[in-house]
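Results of the structural survey
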Amino acid sequence: MQARREGDRLLIEYERAICERGGATFSPGIIDCRQGADQVTCDIIDIQNGRPEPRDRQVRDATLRRVD
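Conventions we followed
Residues numbered from 1 in each chain as written. Predicted model: local features only at pLDDT ≥ 70, side-chain atom pairs only at ≥ 80, totals over all residues. Heavy atoms only, no water. Helix = DSSP H or I, 4+ residues; strand = E, 2+ residues; numbered from the N terminus. Buried < 20%, exposed > 50% of the residue type's maximum accessible area, 1.4 Å probe, protein only. pLDDT = per-residue confidence, 0-100.

1. What about unusual backbone geometry?
One non-glycine residue, Asn49, lies in the positive phi region at around 55 degrees. Among the structural elements, Asn49 can be located in the loop between β6 (39-48) and β7 (51-52). You can call Asn49 exposed: its relative accessible area is 82%. Even without being a glycine, Asp61 presents a positive backbone phi close to 60 degrees. Within the fold, Asp61 resides in strand β8 (residues 59-65).

Below, the structure is given as structure tokens:
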């Protein structure tokens, strides 16, 4: 997993992963977050065959908030 900031955005890139228990797999992808006052809005984009999945299959504008 790698993370970097670009202006007010946080980009988190991750590789394919396999869970030890149950064998579930996660495709490689990118989480692209934009900062707000007390929350962030993120797009979650899987990478398929080296390319971002089609926009209509992406998770768009997911709202996340800080938990202390």
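More follows now that the structure is in view.
2. Concerning the confidence of the model for the protein chain
The predicted structure's coordinates, where accompanied by low pLDDT, should not be read in detail. Counting all residues, the mean pLDDT for the protein chain is 87, and 99% of those residues have values of 70 or more. The secondary structure element of the protein chain with the lowest average pLDDT is strand β4 (residues 25-26), at 81, and the one with the highest is strand β1 (residues 2-6), at 94.

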